[in-house]
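Observations on the three-dimensional arrangement
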Amino acid sequence: MKNKTVMVGITTSQNTTNAIPVIQLKASDYLPINTGRALKEGWNNGLMDVLTSRGISVHEGVFLNNKESTNVKVIVDKVKFALMENGLWDYPILWNIGGGQKIHQLALWFLYQQRRKKNDKLVYAEPFSGTLSIIEYDSDIRQNIMVLRSDFTIEELLKIYKNLEVVEGEHRIGIKRDKAWAMVENRYKVSGSGDVSCKDEIKSVFRKSVENVLKDYQARSRFDVFWNRLKSRVGSEIAKRDKKCKDYVDTLFEKTDFKTKIRNSYDNKRFSPKAAAIEIESIVVKHLQGLLNNSKGNVFEKGVQGLVFDYIRMFDPNRSFFVDVGFNIKVEDPKNPGNVIAEYDTLIATSKGTLLSFDAKVGFQGQKAKDWLARRLRIERAGGIYAKWIAVIPERFFNDNESRITELYKSIKEECEIVVVSRRKDEFLLPDLSERLPSLKSYFRSLLSTRH
């Protein structure tokens, strides 16, 4: 292969420093250097899978035990032998000095010096600054600093960082801007236990709708026919009465467990419209109460997701910086399948190879700084030090909880970020502090200003 280019990298816990340059610089082959700790922690596993799926020839590489890992000559000899054994020694090599300890980086420098006339280069990626340096040295140092360009998806980044698997989530959301604002500004205002009128209204509409739909024999023959007609009838009836209540009804019909319970009831009671109506009404009441109790958090979360998606389309329509966006992401460790270890409201993969986690927060009662820091640590465990956790709070609750937010901010400001949802202000002055919180919109604007 005439255009074969090899990259040698030192496996690290932050493996995007290896992964992004391999793809961006179009290396055809990758040879890792693994220490005992790297293999024990499994740092290399996810990276190997992702690169292989991208068509890169991944080689077994070099293993260094604890004693060898501190011996420059041994490292040099073992890497050289591995390159020769794999038939890679005579091709141009990119020596990636972004990972490992200084002793490993020094060994790569010596190898680079040994091969001065082989058209090799030193490579260093820095996701924090979003730069990729290509360094050459003969009589003088030449350094070409490029913009770091990652197109890795959320799934790929989680796999590269911690070999985690995404088991649930969606990558698109169809909420338009005006709909998102309506959800944020109106729906989350409703307090759970206080919205009795909505509950009574929905109960009544469901009971009458079930009886009317089941009077049709065809509707009683197949659940799908019954479900679609019930959904249409309840939706149209509730829309005539109260738009706020319709939001709750729409959410009920979106819930998988709600549909499953209705199906079970229908199968047992379909030939008795009145009995079916009574049983389905009880199912509606139970699910609705849970929905009302959690309405602020759930609805605000959906509203924030709609706004995030809208701002991405507004500020970065070609996805040159916001490479991938996912909602309600659940991840698990493949070594322990079935055990979800983390959930994220909104995750964004950027062209720097970083992950941004936006967490909608509406409740402040009883919450302490340690709770917020724990959420930040959770995204860091999944996405490494290049992952960031951002708490998103509504303007209304900012006004109602200024002193509580200020107290939290004092404790977490060095490690977490807070933004406010508002379309009227771009920043909010914290009481008793000369510091301001940005709006979600201005925060997205600021993210884009740091992409180059």
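As the structure is a computational prediction, the values presented were derived from the model and not from experiment.

This part is about the overall build of the protein. Counting its regular elements, the protein contains 18 helices and 16 strands. Of all 452 residues assigned to the protein, the portion counted as buried reaches 50%. A sequence separation of at least 24 residues applies to 68% of the contacts in the protein between residues at least 6 apart. Surface accessibility of the protein: about 21500 Å² in total, with carbon and sulfur atoms responsible for 46%.

Our focus in this paragraph is the packing of aromatic side chains. Summed over all chains, the structure comprises 15 aromatic pairs. When the centroid spacing of 6.2 Å and the interplanar angle of 85° are considered together, the rings of Phe206 and Phe258 count as edge-to-face. Of this pair, Phe206 sits in helix 8 (residues 196–214) while Phe258 sits in helix 12 (residues 256–269), placing them 52 residues apart in sequence. Overall, Phe206 belongs to the buried group, its relative accessible area being 1%. Centre to centre, the rings of Phe358 and Tyr443 are 6.1 Å apart; their planes meet at 80°, and the pair counts as edge-to-face. With a gap of 85 residues between them, Phe358 in strand 12 (residues 355–360) and Tyr443 in helix 18 (residues 440–449) connect regions that are remote in the sequence.

Turning our eyes to something else, we now look at the environment of Val6. Structurally, Val6 is set in strand 1 (residues 6–10). Classification of Val6 by relative accessible area gives buried; the value is 0%. Taking the C-alpha atoms as reference, Val6 lies 8.9 Å from Trp89; in sequence the two are 83 residues apart. Once residues within four sequence positions are removed from consideration, Val6 is found in contact with Asp29, Leu83, Leu88, Tyr91, Pro92, Ile93 and Leu94.

Judged by nonpolar contacts, the single largest core of 33 residues is most densely connected at Met7, Tyr30 and Leu355. Counting residues per element, this core draws most heavily on helix 6 (residues 154–162), which supplies five residues. Judged by nonpolar contacts, the second largest core, of 27 residues, contains Leu214, Cys245, Tyr266 and Ala276.

Bringing the environment of Asn339 into the picture now. Assignment of secondary structure puts Asn339 in the loop between strand 10 (322–332) and strand 11 (340–350). Beyond its immediate sequence surroundings of up to four residues, Asn339 is in contact with Val331, Glu332 and Asp333.

Take the packing of helix 4 (residues 72–85) against helix 5 (residues 102–114) next. Look at helix 4 against helix 5: their axes get within 9 Å of each other, and the N-to-C directions meet at 55°. As judged from the angle between their axes, helix 4 and helix 5 are oblique. Read as a crossing pair, helix 4 and helix 5 show a hand that is right-handed. Where helix 4 approaches helix 5, its residues Val72, Ile75, Val76, Val79 and Lys80 are matched on the opposing element by Ile103, His104, Leu106, Ala107, Phe110, Leu111 and Gln114. Class assignment for the residues of the contact of helix 4 with helix 5 results in nine nonpolar, two polar and one charged.

This paragraph deals with the packing of helix 3 (residues 43–53) against helix 6. Helix-helix packing is described using two parameters, namely the angle between the two axes and the distance between the axes. For the pair helix 3 and helix 6, the least separation of the axes is 5 Å and the interaxial angle reads 145°. Along the contact surface, helix 3 presents Trp43, Gly46, Leu47, Asp49 and Val50, while helix 6 presents Glu156, Lys159 and Ile160.

Most of helix 1 (residues 16–24) is tucked away, with eight of its nine residues classed as buried. Looking one or two residues past helix 1, Lys26 carries a phi angle of roughly 60°, positive in sign.

Excluding glycine, residues mostly have negative phi values, and the peptide bonds linking residues are mostly trans. Backbone geometry at Arg319 places phi at a positive 55°, although glycine is not the residue there. Positioned with a positive phi, Asn328 is a non-glycine residue whose angle comes to about 55°. On the secondary structure map, Asn328 appears in strand 10. Owing to a relative accessible area of 29%, Asn328 belongs among the partly exposed residues under this scheme.

Reading guide: rules and limits
- Residues numbered from 1 in each chain as written.
- Predicted model: local features only at pLDDT ≥ 70, side-chain atom pairs only at ≥ 80, totals over all residues.
- Heavy atoms only, no water.
- Helix = DSSP H or I, 4+ residues; strand = E, 2+ residues; numbered from the N terminus.
- Buried < 20%, exposed > 50% of the residue type's maximum accessible area, 1.4 Å probe, protein only.
- Contact = heavy atoms within 4.5 Å.
- Areas by Shrake-Rupley, 256 points an atom, 1.4 Å probe, with all protein chains shown as cover.
- Phe/Tyr/Trp six-rings, centres within 6.5 Å; stacked < 30°, edge-to-face > 60°.
- Core = buried A, V, L, I, M, F, W, Y, C linked by side-chain atoms within 4.5 Å.
- Axes fitted to C-alpha atoms, helices over the stretch in contact; angles between N-to-C directions.
- Parallel < 35°, antiparallel > 145°, perpendicular 65-115°, else oblique.
- Left-handed = near helix turned anticlockwise from the far one by under 90°.
- Nonpolar A, V, L, I, M, F, W, Y, C, P; charged D, E, K, R; others polar.

The values are spatial; any link to function lies outside them.
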